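Notes for the structure review
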Amino acid sequence: MTNYIILIIIGAALLVLWFFVGTAISLWIQALVSGARVSLFAIVFMRFRKVPPKMIVNAKIMAVKAGLDISTNDLESHYLAGGNVMRVVQALIAADKANIDLKFKRSAAIDLAGRDVFEAVKMSVLPKVIETPLVAAVAKDGIQLKAIALVTVRANI
């Protein structure tokens, strides 16, 4: 009887170990093969901190493949602060390719302020032209004036 209890306890422990470590091994191998250095313990402890390890590892791989050096801790802390990690990494990659000097902390601050940082980078590269509606006015002498204004908006990051 006690042997069965011990076997059940060992089985439950192995199941918990497989849940936390087994799923992390595939992510760790994926990061290792991609050249993104993420430790196995970091992936396992992300689960305890309620951080989705798959998203962090994918963001890290995307950044490394683009030639950016962003630490795993920065990505985790941005997620825990309520930020959109993938959009920030995409914005950093776009800014790097457009030769815009944008650091992770600044892009994270823009994201946490509620702005779409990727859209801001795109607007910095390709300005938006906003057309106002037609404005019509009549002067005292009966001359009518119709005007449309085109405003070019460019984000300054």
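Below or above, wherever it landed, is the structure these notes cover. Per-chain numbering applies: the sequence of each chain, read as written, is numbered from 1 onward. Thresholds applied to this predicted model are a pLDDT of at least 70 for local features of residues and 80 or more for the giving and counting of side-chain atom pairs; totals over whole chains, interfaces and linings are not thresholded and use all residues. Side-chain measures were taken over the full set of non-hydrogen atoms in the model, leaving aside hydrogen atoms and water.

This next bit is on the side chain of serine 124. Counting from the N terminus, the helices are the DSSP runs of H or I reaching at least four residues and the strands are the DSSP runs of E reaching at least two. Residue position: serine 124 is located in helix 7 (residues 117-125). Throughout, a contact is declared for two residues whenever any of their heavy atoms are within 4.5 Å. Those residues in contact with serine 124 that sit more than four places away from it in its chain are Ile100, Arg154, Ala155 and Ile157.

For helix 5 (residues 85-97), spanning 13 residues, the distance from its first C-alpha to its last is 19 Å, which sits close to the expected 18 Å at 1.5 Å a residue. Burial here depends on accessible area, computed with a 1.4 Å probe over protein chains only, as a share of the maximum for the residue type. Under 20% is buried, over 50% is exposed, and the range in between is partly exposed. Listed as buried for helix 5 are Val85, Val88, Val89, Ala91, Leu92, Ile93 and Ala95. Backbone geometry just downstream of helix 5 places asparagine 99 in the positive-phi region, at approximately 60 degrees. Here, expected helix span is obtained from the residue count minus one, scaled by 1.5 Å.

Okay, a nonpolar patch on the surface next. Together, Ile6, Ile10, Leu14 and Leu17 line one region of the surface with nonpolar side chains, adding up to about 380 Å² of accessible area. Tracing the backbone through its elements, the reader meets isoleucine 6 in helix 1 (residues 2-34). Patch membership needs two things, relative accessible area over 30% and no salt bridge, and members are linked within 9 Å if like-charged or within 5 Å if nonpolar (Val, Leu, Ile, Met, Phe, Trp, Tyr). Accessible areas in this description were obtained via Shrake-Rupley with a 1.4 Å probe; residue shielding takes into account the shown protein chains only. By convention in these notes, a salt bridge is any Lys or Arg side-chain nitrogen within 4 Å of a carboxyl oxygen on Asp or Glu.

Taken as a whole, this structure holds 5 salt bridges when the rule is applied. One salt bridge in this structure joins arginine 87 and aspartate 116, with 2.9 Å as the shortest N-O distance. Remark: aspartate 116 occurs in the loop between helix 6 (104-112) and helix 7 and arginine 87 occurs in helix 5; sequence separation between them is 29 residues. On the basis of relative accessible area, arginine 87 is assigned to the partly exposed category, the value being 25%.

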